[in-house]
Structure formats: C-alpha cells, structure tokens
Amino acid sequence: MSASASWIARDAAAVWHPFTQHATWTDDDPTVVDRAEGPWLWDVDGRRYLDGVSSLWTTTLGHGHPEVNAAIAAQLARLDHSTFLGTTHTPGIELSEALVALAPKGDGPDLTKVFYAGDGSSAVEAALKIAYQYSTQTGRARPKFVRLDHAYHGDTLGAVAVGGHELFHEAYRPLLLETIGVASPGDRANGADRCALAVADLTATMDEHGDQVCAIIVEPMMQGAAGMLDHDAQFLRTARALADAHGALLIFDEVATGIGRTGRMWAAEHAGVVPDLLTCGKGITGGYLPLSAVLAAEHVFAAFLSRPGDTSPRTFFHGHTYTANPLCCAAALANLRVMGEQDVVARAARLGDRLGKLLEPVAAKDGVVEVRRLGTMIGVEVAPAGDRTGFRVCQAARARGVWLRPLGDTVVVMPPLTLGDDEADLLVDTLDAAIDEVLA
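These remarks concern the structure in this document. (Residues numbered from 1 in each chain as written. Predicted model: local features only at pLDDT ≥ 70, side-chain atom pairs only at ≥ 80, totals over all residues. Heavy atoms only, no water.)

This brings us to the overall build of the protein. Along the backbone of the protein there are 15 helices and 17 strands. Here the protein has a C-alpha radius of gyration of 22 Å; the compact-globule value for 440 residues is 22 Å, and the two agree. For the protein, long-range pairs separated by at least 24 residues make up 70% of all intrachain contacts whose partners lie at least 6 apart in sequence. Summing over all exposed atoms, the protein offers an accessible surface of approximately 18,600 Å²; the carbon and sulfur share of this is 53%. Distance between charge centres in the protein, computed from 35 positive and 55 negative side chains, equals 2 Å. (Helix = DSSP H or I, 4+ residues; strand = E, 2+ residues; numbered from the N terminus. Rg over C-alpha atoms; globule rule 2.2 N^0.38 Å. Contact = heavy atoms within 4.5 Å. Areas by Shrake-Rupley, 256 points an atom, 1.4 Å probe, with all protein chains shown as cover. Lys, Arg positive; Asp, Glu negative; His and termini not counted. Charge placed at Lys NZ, Arg CZ, Asp CG, Glu CD.)

Take a look at the structure:
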C-alpha cells in the first residue's frame, strides 16, 4: 500500500471534510499534501504539484516565505496569544495601522477602524451585525439586507442569508435573515445588458424597500464562488449612490478579491468606490494563518460610542477567543511588508495580464465556453461533456503535476501572486492539455 493510500484510509475513518460528499470521497483519489515550498506542493508519495489555486485563494508570496516564517517565529518567542478583550498588543495595533493606511480611497468615507475576526465568514457575520446595530443606533431598526444573485459570502448563518448560491444555501433558508435578492451584474444569462439590468433591479429594489434596508452587500468586481463572474465597475458606483440616497450602508466583501488578487490591492479601486464596511481575509496573512478583518468608516464606529442619557449600551457585543491572535497579526504584517517592498500588487497585475495572454488560445477552443479574468482571478468555463466535466479537467491536470479545483464546470486558476514566467507557462500548458484530454 502506498503512503497516500494508507493515509486516505485513515482519513476516511476519522475525518469529515468541508464541501465534500464522503460517499464518493475515496473514489476520487484525494491528494495527501505533505509539504510545500514557493508555488509547489508535494504529497506523501513525493509527487510534486504546482499550486494553481493558491491553496484556496490564500497564498500570496508562495509557501514557506523566509521573511514570514521568521516573523512568526519571532512573535512566537515573544507572545503566543493574549486576549483582545480588555487588553491589546503591539502586532494587533501595528496591523490595524497598516490596514488603515492601505484602505481604498475614492468616492465614499475613509475607512479608519479595524475589527478582527477569524475567517471570511466570521468577518462577514461581524459586518452584518455592525450594519444592523448601526441602523438601530442612528434612527430606527432596518431589518433587511440587499444581496446579489449567485453571491457567496461564507457559511455561517448570517453569511448564508446574504448568499445567493442555492446549491450551498438552499437547505438553510428557513433559518435565515430577511434579505432581498437582486440580479447579478455578472450573470451571463442576462447577456451583454447584464450590468444595466442589475443596476435597474437594484434601483427599483431600493426605491421600494430602501427605508427598510440596513445594508447592500456586494463582492466587488468578481463573484468568486459563482464561477468567477466578473462585472462592470458601474454597478459598484450605482450601489454607492443608492446606499447614500436611502441611508443604507454599503458592504464590500473583499475576502477573496482583496490583497492584490485583482491586480489592485482592493477590487474596490477598479471603481474608485469606498464602502462603509469592507471585509478582508484569505490572503491577509499570505495564506499562513486564519485571520480576517472588517474595516469600518469613522461614522459607523462613532455610532457605537456611548452618549450621555443612553438607556442601553451602544457596545458591539461581538468577538471570539482568538480575536487578533498575535501570531496571525505578525504573519499578516510580514506579508504586507514584503508585498510593499517587492511591489507584489503590480507584479500580480503583470502576472494576470500574462496569464490572460497565454489563455487566449484556450478561450478559442471548441468546448471552452468562456475565460473570465480580473487580475489573477481566472475562471475557465468548459461545456459539459458527461458528468463532472470541470472536475475531470482538474484531475487530468493533477496527473500532469498541476493542482486545480473546479466550481462546477468552471476551472479556477488563481496562483500565488509571485508566480514566475516558467511556472505560468506550465500552468496554462497543463490546463490546455487537460481540457483537450477531457473534451476529446
């Protein structure tokens, strides 16, 4: 028995994986990852794979970056953990300052405060609660949220409530908050007019329900889990104007799109729009440790400050045990420092352009529906050819030494932001060959 087979048998006996149908889990010959370096992964049998999805969209500088490693080790020697409830610590303060300095600028308020969470879902959960409590403390409670069709914001109940991905969320609808779905500006079913249709739908929705809406929540420029649905920046500008006109907050979920993924530090920068609340995660620590945050505008934060004559506390009663863990903050600080010193966001923009050029022949293939890209966020949609076509393309790529993951029949390509030219060539050449194999 190979090392992989032995470990998979033990896994099947004890582990419950996320987003996994365990009735067929072992039939799919899962990879048992043993170690990683740079853009590469190795399994327990010694086989090497190019990490074509940044370990679920998190790795920015590559695995095992020496400066991030050193920062975590130095922090571990000094302070492993201390609660952020009633105390503070230097890496948490420094990271907050860094995030505020990096926050997007443009049409909208300045983002001046940072609230920490643990992962993308918990950051969204915090943002939703902030938005609702803000409405109660600045006038009257507004119980509704406006969300996009096909949206994905995570898997906690609040995040599910503002999601629009029925495959993931349908089972939980009876448990959820009241939300209003509007057309997605990235929905290809609406053709070339999709942004105009979405703008019209959002406008009509806010005209009818605006006084009941505490927030509009959007994945700016790219709906990731929907299959990499990119959209026009005009939708974000309209959302900003409508939120302002109706007294609602605007939330941008940049958990996937932030930290350089779209060729800008924040996807919001493509539209020149600033939300009232911005969630970030995934790449914030460079893919090392779980950390997320909500960046908040000063006027939002101010609504949570107690005032003379208050009959109830304005405190935001929300948090968790490992809020702003010092090791996570140290990793994030090192990641952001290296990104700045090495101009990684500009490098990511150039990498995205290179991948886009390399993918032009792939996009022209029979059986390839569309290649969608913004920066290094790429979705290659293939036409169904039997069951699980996207999955079979990823399996064919893995057999050639490139690890990819599908979203239905859309193959996601999202490598580390520092991927070299030779590895970019390998990534696209392998995907090309895998598509040919499956669609032949």
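This part takes up the nonpolar core. Membership of the largest hydrophobic core comes to 64 residues, with the highest contact counts inside it found for Leu202, Phe235, Val380, Leu404 and Leu431. Examining the composition of this core, we find that 7 residues originate from one element, helix α15 (residues 421-439), more than from any other. If sequence neighbours within four positions are ignored, Val380 has contacts with Leu359, Val362, Val368, Glu370, Val371, Asp409, Thr410, Val411, Val413, Leu431 and Ile435. With 59 residues, the next largest nonpolar core counts Ile259, Cys280, Val300 and Ala334 among its residues. (Core = buried A, V, L, I, M, F, W, Y, C linked by side-chain atoms within 4.5 Å. Buried < 20%, exposed > 50% of the residue type's maximum accessible area, 1.4 Å probe, protein only.)

Spatially, 4 strands are ordered β13-β14-β17-β16 in an open sheet, and the strand pairing comes out antiparallel. For this open sheet the edge positions go to β13 (368-374) and β16 (405-407), each flanked by a neighbour on one side alone. Shown here is a sheet whose adjacent strand axes are inclined to one another by a mean of 25 degrees, direction ignored. As paired elements, β13 and strand β14 (residues 377-382) share 6 bridges and run antiparallel to each other. The partner of Arg373 across the bridge, within β14, is Ile378. The strands touched by helix α14 (residues 389-399) within the sheet are β14, β16 and β17 (410-413), with β16 carrying the most contacts at an inclination of about 170 degrees. (Pairing = 2+ DSSP bridges. Axes fitted to C-alpha atoms, helices over the stretch in contact; angles between N-to-C directions.)

Structurally, the position occupied by Asp28 is in the loop between α1 (3-14) and β1 (33-37). What makes Asp28 buried here is its relative accessible area of 18%. Engagement of the side chain of Asp28 in a polar contact is seen with the side chain of Arg388, the distance being 3.0 Å. Not counting residues up to four positions away in its chain, the partners in contact with Asp28 are Arg388, Phe391, Gln395 and Arg398. (Polar contact = N/O pair within 3.5 Å; in protein donor to acceptor, adjacent residues only side chain to side chain.)

So, about a nonpolar patch on the surface. A contiguous nonpolar surface patch, about 310 Å² in accessible area, is contributed by Leu157, Tyr172 and Leu175. Relative to the helices and strands, Leu175 is located in the loop between α7 (166-169) and β6 (179-182). (Patch = residues over 30% accessible without salt bridge, like charges linked within 9 Å, V, L, I, M, F, W, Y side chains within 5 Å. Salt bridge = Lys/Arg side-chain N within 4 Å of Asp/Glu carboxyl O.)

The next thing to look at is the pattern of salt bridges. In total, this model carries 22 salt bridges according to the counting rule given. Here Lys365 ties to Asp432 by a salt bridge, and the two come within 2.8 Å at their closest N and O atoms. Of this pair, Lys365 sits in the loop between α13 (360-363) and β13 while Asp432 sits in helix α15; the two residues are 67 residues apart in sequence, bridging distant segments of the chain. A salt bridge links Glu370 to Arg372; the nearest nitrogen and oxygen atoms lie 2.8 Å apart. What makes Glu370 partly exposed here is its relative accessible area of 23%. According to the relative accessible area criterion, Arg372 is buried, its value standing at 3%. Overlapping salt bridges bring together Arg188, Asp230, Glu370, Arg372 and Glu381 as one network.

Glancing now at helix α12 (residues 344-358). Note that an α-helix has 3.6 residues per turn; residues three or four places apart therefore point the same way. The end-to-end C-alpha distance of α12 is 20 Å, a good match for the 21 Å that 15 residues give at a rise of 1.5 Å each. Among the residues making up α12, those that are buried are Val344, Val345, Ala348, Leu351, Gly352, Leu355 and Gly356. One side of α12 carries all its buried residues, which in axial view fall inside an arc of 135 degrees. Exposed positions of α12 whose direction lies more than 90 degrees from the buried face are Arg350 and Lys357. On the buried face of α12, the contacting elements are α11 (326-341), α13, β13, β14 and α15. (Expected span 1.5 Å × (residues − 1). Arc of directions from axis to C-beta.)

In the Ramachandran plot, His150 falls in the positive-phi region, its phi being about 70 degrees despite a non-glycine side chain. Residue placement: His150 occurs in the loop between β5 (144-148) and α6 (157-161). Unlike most non-glycine residues, Asp343 shows phi in positive territory, near 50 degrees. Here Asp343 shows up in the loop between α11 and α12.

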